[in-house]
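# Survey of secondary and tertiary structure
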Amino acid sequence: TFIPDEVGTVAGAQLAWQAGIFQLGYRYGWSFQDNRQTGRETADLRNRVHGVSAGVSPFGTVGLRVELALERADNLETGRTDEVRRLGGSLTWQVFKDTNLTVNASTTLGRDAARTSENDSKELSAEASQGFRFGKVLPLSAEGMRGRAFFRYSSRLSSSVDLTFGTDSATSGWQWNTGVALSLF
């Protein structure tokens, strides 16, 4: 029988600055999984993430943001270290009072320190949404019910190579979604 016995520790910190139309940010994350199962005491995992971001809102209704994140994952039992680098950006535009357009794009590269495996992905998503309000349905709702109708598109390209197992694969896909979200209170 397999009965896991482990203790997980997670910590993080985030700093954000804003001066006029400019924003800067830094985030740090750390986690440790201490495996205490008999015979697997050394199967511990440690992760660290550093991220920096910068943004600008040149007009009250438009925002641009870019983020760079670096992650390191150490498997202390096997000695394997994986690294991930991600670069992402976003554009938001409040076209009218309750109408928003958002576009996000990112590229991610991950590989082990020995360079025997590598994977990368590219993602793009866009959303148009329209907010609306309608009459009071419940007495707890002072402003009436609110809702947001949305239309989303997303696409992803990814590939991976593993020299140890001799595999090389690539996938791609896209998706359209639409829907309505309601807030009763």
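Residues numbered from 1 in each chain as written. Predicted model: local features only at pLDDT ≥ 70, side-chain atom pairs only at ≥ 80, totals over all residues. Heavy atoms only, no water.

Here we take up the overall build of the protein chain. A tally of helices and strands in the protein chain yields zero helices and nine strands. In summary, the protein chain has a C-alpha radius of gyration of 22 Å against a globular reference of 16 Å for 185 residues, an excess of more than 25%. Projected onto its principal axes, the C-alpha positions of the protein chain cover 60 × 35 × 35 Å. Burial analysis of the protein chain (185 residues in total) assigns 19% to the buried set. For the protein chain, restricting intrachain contacts to residue pairs at least 6 apart in sequence, the fraction spanning at least 24 positions comes to 46%. Taken as a whole, the protein chain presents about 12,600 Å² of accessible surface, with 60% of it coming from carbon and sulfur. If you average the places of the 20 positive and of the 20 negative side-chain charges in the protein chain, the two averages end up 10 Å apart. (Helix = DSSP H or I, 4+ residues; strand = E, 2+ residues; numbered from the N terminus. Rg over C-alpha atoms; globule rule 2.2 N^0.38 Å. Buried < 20%, exposed > 50% of the residue type's maximum accessible area, 1.4 Å probe, protein only. Contact = heavy atoms within 4.5 Å. Areas by Shrake-Rupley, 256 points an atom, 1.4 Å probe, with all protein chains shown as cover. Lys, Arg positive; Asp, Glu negative; His and termini not counted. Charge placed at Lys NZ, Arg CZ, Asp CG, Glu CD.)

Glancing now at the side chain of Asn35. Tracing the sequence through the fold places Asn35 in strand 2 (residues 22–35). Beyond its immediate stretch of four places on either side in the chain, Asn35 contacts Asp5, Glu6, Arg40, Glu41, Ala43 and Asp44.

This next bit is on the packing of aromatic side chains. Across all of its chains, the model carries three aromatic pairs by this definition. On the basis of an interplanar angle of 35° and a centroid distance of 5.2 Å, the ring pair of Phe151 and Trp176 is categorised as tilted. With Phe151 in strand 8 (residues 145–162) and Trp176 in strand 9 (residues 167–183), the pair connects residues that are 25 residues apart, well separated along the chain. Geometrically, the ring pair formed by Tyr153 and Trp176 is tilted, given 4.7 Å between the ring centres and 50° between the ring planes. Highlighted residues: Tyr153 in strand 8 and Trp176 in strand 9, separated in sequence by 23 residues. Relative accessible area serves as the criterion here: at 25%, Tyr153 is assigned to the partly exposed category. The cationic tip of Arg152 hangs over the ring face of Phe150; the distance from NZ or CZ to the ring centre is 3.9 Å. (Phe/Tyr/Trp six-rings, centres within 6.5 Å; stacked < 30°, edge-to-face > 60°. Lys NZ or Arg CZ within 6 Å of the ring centre and 35° of its normal.)

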